[in-house]
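# A structural walkthrough
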Amino acid sequence: MSSIPHDHVAGHAHDDHAHHPSGIMRWITTTNHKDIGTLYLWFSMIMFLAGGVLALTIRTELFQPGLQIVDPEFFNSLTTLHGLIMIFGAIMPAAVGFANWQVPLMIGAPDMAFARMNNWSFWLLPFAATLLISSFLVPGGAAAGGWTMYAPLSVQAGMGMDFTIFAVHILGASSIMGAINIITTILNLRAPGMTLMKMPLFVWTWLITAYLLIAVMPVLAGAVTLLLTDRHFGTSFFNAAGGGDPVMFQHIFWFFGHPEVYIMILPSFGIVSTILPAFSRKPLFGYASMVYATGSIAILSFILWAHHMFTVGMPAAGQVFFMCATMLIAVPTGVKVFNWVATMWKGSLTFETPMLFAIGFIFLFTMGGFTGLVLAITPVDIQLQDTYYVVVHFHYVLVAGSLFAFFGALLALDDLLQRDVLPDAFSRPRRHAAPHSRLRDAVCRLEHGRIDRRVRLWALADPLPLHGSESDSIRAAGACQAMGGVGHAGVDTALAGAVPHLRDAARGGLIERENCAHE
Amino acid sequence: MTALPVHSNRVLLAKLCVVVVVMFGFGFAMIPFYNKICDVTGLRDIDLADKVNNTQIDTSRSIRIELDANLNKLPWRFRPLTPIVSVHPGELAQVVYEVENTTDRPMTGQAVPSYGPRRAGEYFKKLECFCFTKQSFTPHEKRQMTVVFVVDPKLPGDVATITLSYTFFEVEGNKT
Amino acid sequence: MDRIDTASAATEIARRMGHAALAASLLASSGAVYAEREYNLQTPVTSIAAQIFDLHTYIMWTCVVIFVGVFSVMFYSIFAHRKSKGHQAAQFHENTMVEIVWTVIPFLILLFMAFPATKTVLAMKDASVPDMTVKVTGFQWKWHYDYLDHGFSYVSNLTTPDAQIHNREVKGEHYLLEVDQPMVVPAGKKVRVLITAGDVIHSWWVPAFGVKQDAIPGFVRDSWFTAEKPGIYRGQCAELCGKEHGFMPIVVEVKSADDYAKWLDAQKKKSAASVDDPNKVWDPNDLIARGAKVYAANCVACHQATGKGVPGAFPALDGSPVVNGPKDAQIKIVLNGVVKDGEPTAMVAWKNTLSDTDIAAVITYTRNSWGNHTNQAVQPAEVKADRS
């Protein structure tokens with residue numbers, strides 16, 4: 001039940017399943033959101049390891065003072081590429097991978113709205129990544145001006161910088177396509193009765209993330225394009241000689257860069273908000289306030305970019321404004337943390353590995369938040385800017401935050417898929433866990449049979465008849481069969497069902513849908 | 001989905017071609033558009049002499065003007081002949097910078113002014129400045145260049161010192 | 001712990017708590033502890049750095065309190081509300097009152113943080129009325145210090161030997177934090193630093209002063225500090241500027257007023273020696289040529305290019321009895337300026353801004369220009385003799 005390849009090849013749809021491509025072609029031509037989600041996750045894993053190798057090299061060099069194994073210029077390349085690869089290659093694609101897997105399932109859509117664009121937005125990534133990594137091999141080495149690529153240092157850099165600029169362009173195009181796809185899917189392909197305020201929180205966070213992506217990725221593309229023309233076509237956007245200003249690059253970059261950090265963390269908020277209720281056996285606390293908090297974070301993220309630039313010498317009024325705007329972010333973020341803790345409060349907690357990651361997320365992400373608060377205070381930031389304090393701050397948020405959530409999601413997914421590929425730290429004695437699948441069990445308990453409705457809801461929704469056969473198979477299958485026998489359907493329903501608000505959606509929507517389903 | 005006739009593909013192609021043409025056209029239409037914006041907002045007027053409306057000399061206070069010269073990767077000599085002058089707000093003053101091209105090739109440079117504190121910039125009116133145009137130098141040419149300026153009497157009272165700093169950049173493109 | 005005197009006992013205690021908490025938490029986890037290891041911001045030597053230190057301590061403790069509060073709830077929940085203990089899940093999932101409370105309270109806490117922080121921001125920005133100005137220019141990869149008031153400048157280069165960097169020698173005490181010529185400033189004086197760069201963006205950072213300002217090519221930015229205590233303070237470039245970004249430290253030596261005056265004198269002599277020898281005997285024509293430039297730079301604004309001055313405001317030099325009279329009198333006027341009724345006039349003293357040679361040249365020029373034909377040349381040595 002993977003893909004609909006024939007459709008792709010012929011350009012007009014006959015549901016002819018005789019020519020399923022197999023092997024590598026299956027993955028290259030796939031338009032199935034789950035396949036593409038899997039591709040995203042594998043890509044992200046590979047890039048995570050690549051970026052990890054760079055990080056290990058950095059730490060090896062820093063094992064003791066003095067120069068040991070790499071020279072300073074190469075060291076700068078390592079830090080630059082580590083940043084770019086981890087951000088654009090590991091974290092963002094992983095988030096898109098989970099969105100591909102879960103968003104259609106959670107909202108009862110048959111697939112992503114633009115299935116072929118989905119394929120294209122993934123397959124741009126390997127090319128961009130190759131361009132980025134191969135820049136190590138060109139004369140002058142890879143870009144070494146930091147992942148922020150500040151002009152004029154990046155203007156004087158070698159050919160590696162051009163590779164990086166083009167790679168960023170391609171990665172940006174991919175992200176924008178992915179975001180358009182996700183927004184369209186969420187806004188247009190929800191099952192009947194699935195109102196916006198009944199969507200699982202993961203869907204909400206991704207909807208907001210996707211808007212952020214569309215708003216700011218073009219800004220980054222603009223910034224690096226200006227850099228490119230400054231480098232090669234004699235413009236002086238960032239050169240004072242021609243009336244430009246080097247600081248303008250920083251303004252443009254951080255106008256992208258700050259929403260970007262929320263692009264990387266918001267999907268993780270959604271994941272944690274999904275995992276936590278399942279293992280607490282208790283509905284998410286404050287669903288509506290979670291949605292509003294996510295929205296406020298996204299809006300605020302556009303008005304505080306210059307807190308990355310407190311040392312460039314902006315006027316006092318600017319510093320105070322950006323300081324206060326930055327501190328305001330702590331309010332919705334705090335609300336989220338409080339809600340998570342309240343979700344656990346008086347629950348019936350078990351500690352399977354996804355839950356451990358979720359708890360680890362809350363604990364360590366909050367440390368990232370507190371260090372962020374310290375950094376928001378302009379005078380303190382002036383001491384801490386460009387020091388390891390900042391490095392520590394964003395690694396708390398990105399590693400202990402985003403990455404922990406992704407690990408948790410991966411394990412939950414694995415668990416639901418019944419693959420048992422990944423180990424569960426607590427699984428050996430299995431005293432706290434259900435016999436077959438821990439999360440599934442937890443969800444079933446929570447759902448009290450709602451899963452059944454969810455499956456039918458999903459099957460009936462089917463606004464794009466691309467997956468006729470697929471929905472038919474589900475339609476034919478009962479809920480339990482879907483959970484046990486057909487792995488994929490099990491995930492859909494279980495994770496989606498973990499959000500209790502669906503109960504009413506399903507009930508109301510189903511009846512309505514059934515009335516008009518056979519018109 | 002139903003099978004589409006070949007005709008509709010052609011229509012789509014034609015539409016897409018129109019979109020391409022319009023987008024290119026839009027790109028070129030941006031040139032006069034931006035020119036107009038710059039004219040209206042005065043964004044590009046950095047190389048024009050400032051207008052002085054109020055020439056009332058405020059002798060009650062004097063402003064210390066520190067002159068500063070920088071070179072951005074240029075093998076020249078560039079310095080103010082007097083590093084510090086004192087002026088009254090509203091008073092017309094003239095300072096001289098000396099530039100020498102120490103290389104064996106003709107070079108063109110552009111000087112960019114900057115002010116410390118930054119907010120003093122808007123009160124520092126330059127009537128004549130070598131920074132308004134590109135400056136070309138023959139090999140080993142040494143030239144003195146003047147700046148005529150007035151400090152606006154509206155300058156905030158807590159600013160007692162203004163640093164006028166010039167940085168000479170080579171104008172790229174004249175290099176080879 | 002050495003502190004500046006202004007810090008009150010209360011903030012002193014708070015600061016010690018800041019040190020102690022950080023040190024304790026980190027010491028606990030590290031086996032080998034070196035005496036000089038610092039876990040907090042550097043000991044402040046300016047009032048701004050002290051304010052920053054206190055702000056950081058205040059905010060960190062606030063965060064610690066919130067952290068403990070929130071996570072004791074979470075860990076209690078983890079302990080008490082376990083399924084393995086047979087805890088049955090409650091099914092509540094919202095409470096508007098609670099939501100409002102935990103939105104408003106953090107907001108109020110933030111207000112209490114923003115207020116002192118804003119005060120410090122305003123204090124940091126107030127670079128007006130400095131006692132002296134030093135221009136700092138960042139280059140790849142060294143710092144250039146320019147004493148604008150005194151007309152000399154020098155480059156400050158890393159002195160850590162290559163052998164230490166490449167691990168062929170034991171590293172010194174100030175590894176990568178030592179330079180050949182540090183910036184020197186007097187203690188207790190407000191020093192304005194004008195910061196710019198000659199190639200890419202650098203950042204001038206001295207942690208003990210609480211000053212970090214990006215150096216932006218093409219633009220000057222100003223910052224300031226008043227170092228309370230003599231000593232040597234070290235910092236680093238804080239903006240990635242290329243290959244040797246880690247090898248361009250900043251060292252500032254704060255000297256007492258007397259020591260600073262001595263140092264200044266020595267520097268001035270050194271720079272004067274390198275520019276012009278005041279004992280050199282010049283050819284009168286060279287003096288006139290040089291004097292024309294000095295005149296154009298310093299004198300034309302008032303005395304005009306014609307030498308006729310502005311009637312009623314600035315006296316004419318053309319035909320002036322002073323210019324056509326004894327040399328000594330004119331030299332003294334140029335050196336010391338004109339004081340009328342105890343008030344300095346527009347004719348300022350030039351002894352601090354012009355060298356002996358320049359003064360000699362400009363006087364020679366005026367005595368032999370326009371309608372003045374004294375045919376007298378003033379040599380730098382004569383000017384030097386009249387200084388005192």
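For clarity, every value in this text was computed on a predicted model and none was experimentally measured. (Residues numbered from 1 in each chain as written. Chains lettered and ligands numbered in written order. Predicted model: local features only at pLDDT ≥ 70, side-chain atom pairs only at ≥ 80, totals over all residues. Heavy atoms only, no water.)

It is worth spelling out the pattern of salt bridges at this point. Applying the stated rule across the entire model yields 21 salt bridges over all chains. For the salt bridge of Asp162(A) with Arg231(A), the shortest nitrogen-to-oxygen distance reads 2.9 Å. Taken together, the residues Asp162(A) in helix 6 (residues 159-188) and Arg231(A) in helix 7 (residues 201-232) connect sequence positions 69 residues apart. What makes Asp162(A) buried here is its relative accessible area of 11%. Two residues, Lys327(C) and Glu382(C), come together in a salt bridge whose shortest N-O distance is 3.2 Å. Remark: Glu382(C) occurs in helix 11 (residues 380-386) and Lys327(C) occurs in helix 9 (residues 327-336); sequence separation between them is 55 residues. Classification of Glu382(C) as partly exposed rests on a relative accessible area of 26%. Salt bridges sharing common partners tie together Arg64(B), Glu66(B), Asp149(C), Arg192(C) and Asp222(C). (Salt bridge = Lys/Arg side-chain N within 4 Å of Asp/Glu carboxyl O. Helix = DSSP H or I, 4+ residues; strand = E, 2+ residues; numbered from the N terminus. Buried < 20%, exposed > 50% of the residue type's maximum accessible area, 1.4 Å probe, protein only.)

Grouped together as the largest cluster of nonpolar side chains are 168 residues, with contacts concentrated most on Phe88(A), Trp206(A), Trp340(A) and Ile362(A). Of the residues forming this core, the biggest block, 19 residues, is contributed by helix 4 (residues 72-107) of chain A. In this structure, this core is formed jointly by two domains, domain 1 (47-124) and domain 2 (132-274) of chain C, each of which donates at least three residues. Those residues in contact with Trp340(A) that lie beyond four places of it in its chain are Phe269(A), Val272(A), Ser273(A), Leu276(A), Leu284(A), Met290(A), Phe361(A) and Ile362(A). With 37 residues, the next largest nonpolar core counts Ala197(C), Val252(C), Val254(C) and Tyr260(C) among its residues. (Core = buried A, V, L, I, M, F, W, Y, C linked by side-chain atoms within 4.5 Å. Domains from an automatic or database assignment. Contact = heavy atoms within 4.5 Å.)

Our focus in this paragraph is the domain arrangement of chain C. One can read the domain layout of chain C as domain 1 (47-124), domain 2 (132-274) and domain 3 (284-387). Placing a centre on the C-alpha atoms of domain 1 of chain C and another on those of domain 3 of chain C gives a separation of 70 Å.

Here the focus is the sheet that holds strand 6 (residues 124-128) of chain B. Residue and element names in this part refer to chain B. Spatial strand order, 2-4-8-6: four strands in an open sheet with antiparallel pairing. Only two strands of the sheet have a single partner each, and these edge strands are strand 2 (76-80) and strand 6. Within this sheet the neighbouring strands show an average axis-to-axis angle of 30°, counted without direction. Bridge count for strand 2 against strand 4 (residues 92-101) is five bridges, and the pairing is antiparallel. Opposite Phe-78, over in strand 4, you have Val-99 as the bridge partner. (Pairing = 2+ DSSP bridges. Axes fitted to C-alpha atoms, helices over the stretch in contact; angles between N-to-C directions.)

We now examine the state of the cysteines. In total, this model carries one disulfide over all chains according to the counting rule given. The partner cysteine of Cys129(B) in its disulfide is Cys131(B), sulfur to sulfur 2.3 Å. Because the torsion about its S-S bond is 130°, the bridge between Cys129(B) and Cys131(B) counts as right-handed. Residues Cys129(B) and Cys131(B) agree in their burial class; the two are buried. Unpaired in terms of disulfides, Cys324(A) finds its nearest cysteine sulfur in Cys63(C), a separation of 16 Å. Judged by its relative accessible area of 30%, Cys324(A) falls in the partly exposed class. (Disulfide = S-S within 2.5 Å.)

Our next topic: the side chain of Thr184(A). Along the chain, Thr184(A) turns up in helix 6. With residues up to four places along the chain from it excluded, the contact list for Thr184(A) reads Ala113(A), Phe114(A) and Leu189(A).

Residue and element names in this part refer to chain C. Mean pLDDT for chain C: 82, with 86% of residues reaching 70 or above. Taking the mean pLDDT of every element in chain C, the minimum, 50, falls on helix 1 (residues 9-29) and the maximum, 95, on strand 6 (residues 202-206). In the model, residues 1-10 has pLDDT below 50 throughout and makes 16 contacts with residues more than four positions away in sequence or in other chains. Low confidence marks residues 23-35, where pLDDT is under 50. Its contacts with residues over four positions away, or in another chain, come to seven contacts. Across the assembled chains, the prediction reports ipTM 0.77 with pTM 0.76. (pLDDT = per-residue confidence, 0-100.)

With that settled, consider the packing of helix 4 of chain A against helix 8 (residues 246-280) of chain A. Between two packed helices, what matters for the description is the angle formed by their axes and the separation of those axes. Residue and element names in this part refer to chain A. Relative to each other, helix 4 and helix 8 sit at 45°, their axes nearing to 11 Å. Taken together, the axes of helix 4 and helix 8 are oblique relative to one another. Handedness of the helix 4/helix 8 crossing: left-handed. Together, Ile-87, Phe-88, Ile-91, Met-92, Ala-95, Phe-98 and Met-106 of helix 4 and Phe-256, Glu-260, Ile-263, Met-264, Pro-267, Ile-271 and Thr-274 of helix 8 make up the contact between the two elements. Here the residues of the contact of helix 4 with helix 8 sort into twelve nonpolar, one polar and one charged. (Parallel < 35°, antiparallel > 145°, perpendicular 65-115°, else oblique. Left-handed = near helix turned anticlockwise from the far one by under 90°. Nonpolar A, V, L, I, M, F, W, Y, C, P; charged D, E, K, R; others polar.)

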